[in-house]
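# Report on the structure
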Amino acid sequence: MSSDSGTILRVRGPLEFKCLLETTDALQMHKVISRTFETLHSQVKSESCVMTVCGSPVFIWPNRSFHATPQDITPDTPCEDLQQWIQADEFESTGRRSAKKRSKKSSTASVINLRLMMEVTTKGSHLSAPVLCRTVKKSHFLCTTLPMDCVVCTTSKDTIKDAFERLMEALGRQLCEMEKVMLQHMKGTTLLVPEPLHFLLPEPKGLVTVVYPAGVADSQLETERKELHQQFELPNDWPYFRRANAHHFPNEPYKDGYLRNPHLVLTNPSLDNGKVYLVQGIYSYHHYMQDHMDDNGWGCAYRSLQTICSWFKQQGYAEGPVPTHKEIQQALLDVGDKQASFVGSRQWIGSIEVQAVLNQLLGVTSKIMFVSQGSDLGSKGRELANHFLNEGTPIMIGGGVLAHTILGVAWSETTGQIRYLILDPHYTGAEDLQVITDKGWCGWKGADFWDQTAYYNLCLPQRPKVI
């Protein structure tokens, strides 16, 4: 399903999984677990199932002849109208529609978050005292919380009733997938919690949800990924389904504080018969003075390298954090490129060192492009375009006393015109997207950006052809 047409409804919530295993016989345990999932299916289909639109007074009972509050909401209400009920950031104690509620036109939210809940009280006058029964026997009591997380993409034509019918179907399918994963990875009486993840695939496939067993490393799930690549007819040279590739919804802030893909807000240049070739995937913007590190004047190549490392991490090619300056220096010492005094110093590094560190820390090979003077960079349009088309990784370029990151090129094969999309690591300010793009710290540059007489080395990382 496409993620950019209309509104995404995302429902999350816990379902309590509890079962009593009175035997360690594998077949019997599987039957008990399957019966427990049948009970959960019944709960989700029951009239007790209720969803609330987060940040609003809206409650919807999808299985109770589509009952909803407030009463203004009917089954035929357009799905996108739910955004009108989502309250502004300030707390509203009345819970009623008011002048403060968010305008549909002014709302930039493309995701409506819902909470899955179950009513615990039931209607009726037949009350009875509880009966307690005590039985002493050996058994295994399994208890965990299933983290339900389903999405459906809607269009402007979809009604709430249509969308919630699809949400309920998605919940049912997810429970089936969770049962399959839990049984497949069960060891003795130990169960692994199923973990739903969403992945944004190339159009027209769009957003899909996959259930993985929590705690099982990506390296042990290659068989599952191969099956997914076959199912969705995807090439076997890009890791679409590693956990690091999980879709980051627009209303979820990144917790590490780094900006992602600031170039996406820029307008691409238009050249006669020209095409734009860009970095593929997600990277973080690393620049001077971040991480409580004063590297102003000497750390630009380190920051460009960190941006490249962040790309490999966020595409699922590498695990672990982006290396610090000291870890970069230690890697160069380990490969025999530097002396021990280099670690902890403020010495510059260049493209050749960036190539060595990528190979040492990530196992990534790189090509080096030598340019004898900056005025010759304009003749490298075809090579740079092919790099972004086939590899899609950020490029580190070093020349004179400066290092930069190239994120793309706009190039005309007929006229030879070229523009470079530059991410500048020399920025020292806060993570302010508007300042960074307005002031050109991330922006399109012409051939005159380069020192025309300085020589340049470019490090072009090659992505591993794996899934």
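In this text, all values refer to a predicted model and were calculated from it rather than measured experimentally.

Calculation notes
Residues numbered from 1 in each chain as written. Predicted model: local features only at pLDDT ≥ 70, side-chain atom pairs only at ≥ 80, totals over all residues. Heavy atoms only, no water. Helix = DSSP H or I, 4+ residues; strand = E, 2+ residues; numbered from the N terminus. Buried < 20%, exposed > 50% of the residue type's maximum accessible area, 1.4 Å probe, protein only. Contact = heavy atoms within 4.5 Å. Areas by Shrake-Rupley, 256 points an atom, 1.4 Å probe, with all protein chains shown as cover. Lys, Arg positive; Asp, Glu negative; His and termini not counted. Charge placed at Lys NZ, Arg CZ, Asp CG, Glu CD. Axes fitted to C-alpha atoms, helices over the stretch in contact; angles between N-to-C directions. Parallel < 35°, antiparallel > 145°, perpendicular 65-115°, else oblique. Nonpolar A, V, L, I, M, F, W, Y, C, P; charged D, E, K, R; others polar. Left-handed = near helix turned anticlockwise from the far one by under 90°. Phe/Tyr/Trp six-rings, centres within 6.5 Å; stacked < 30°, edge-to-face > 60°. Pairing = 2+ DSSP bridges. Expected span 1.5 Å × (residues − 1).

### Structural notes on the overall build of the chain
- For the chain, the count of helices and strands is eight helices and 15 strands.
- By its C-alpha atoms, the chain is 90 × 55 × 40 Å across when sized along the principal axes.
- Taken over 467 residues, the chain has a buried fraction of 48%.
- If you take every contact in the chain between residues at least 6 apart in sequence, the share linking residues at least 24 apart comes to 70%.
- Carbon and sulfur atoms provide 50% of the accessible area of the chain, an area that totals close to 23900 Å².
- Across the chain, the mean location of the 46 positive side-chain charges is 5 Å away from that of the 50 negative side-chain charges.

### Let's talk about the packing of helix H4 (residues 300–314) against helix H5 (residues 325–334)
- The contact between H4 and H5 brings their axes to 10 Å, and the two run at 95 degrees. By the angle between their axes, H4 is roughly perpendicular relative to H5. Residues Tyr-302, Arg-303, Leu-305 and Gln-306 of H4 form the contact with H5, whose participating residues are His-325, Ile-328 and Gln-329.
- Residues that form the contact of H4 with H5 fall into these classes: three nonpolar, three polar and one charged.

### Things to note about the packing of helix H1 (residues 26–45) against helix H2 (residues 160–184)
- Between H1 and H2, the least distance of the axes is 10 Å, while the angle of their chain directions is 165 degrees. The pairing of H1 with H2 is recorded here as roughly antiparallel in orientation. As H1 packs across H2, the resulting crossing turns out to be right-handed. Every residue of H2 that contacts H1 at His-30, Ile-33, Ser-34, Phe-37, Leu-40, His-41 and Val-44 is listed here: Met-168, Leu-171, Gly-172, Leu-175, Cys-176, Met-178, Glu-179, Met-182 and Leu-183.
- Broken down by class, the residue content of the contact of H1 with H2 amounts to 11 nonpolar, four polar and one charged.

### Quick word on the packing of aromatic side chains
- On inspection of all chains with the given rule, the structure shows 18 aromatic pairs.
- Ring geometry for Phe-17 against Phe-37: centres 5.2 Å apart, planes inclined by 50 degrees, an arrangement best described as tilted. Highlighted residues: Phe-17 in strand E1 (residues 8–21) and Phe-37 in helix H1, separated in sequence by 20 residues. For the pair Phe-17 and Phe-37, a shared accessibility class is recorded, and that class is buried.

### Some details on unusual backbone geometry
- A cis geometry characterises the amide bond from Thr-69 onward to Pro-70, with omega recorded as -5 degrees.
- Relative to the assigned elements, Pro-70 resides in the loop between strand E4 (67–69) and strand E5 (111–118).
- Unusually for a residue other than glycine, Met-289 sits at a positive phi of about 75 degrees.
- Mapped onto the secondary structure, Met-289 falls in the loop between strand E9 (274–278) and H4.
- Judged by its relative accessible area of 36%, Met-289 falls in the partly exposed class.

### Describing the pairing of strand E7 (residues 194–201)
- Judged by how many residues are buried, E7 sits mostly within the fold: six of eight residues are covered.
- Sheet topology note: the E7/strand E8 (residues 206–213) ladder contains eight bridges and is antiparallel. Residue pairing in the sheet places Phe-199 in a bridge with Val-208 of E8.

### Describing H4
- Along its 15 residues, H4 runs 21 Å from first to last C-alpha, staying within 8% of the 21 Å computed at 1.5 Å per residue.
- The buried count for H4 comes to 14 of 15 residues, which makes it a mostly enclosed element.
- Gly-316 lies just past H4 and shows a positive phi near 85 degrees.

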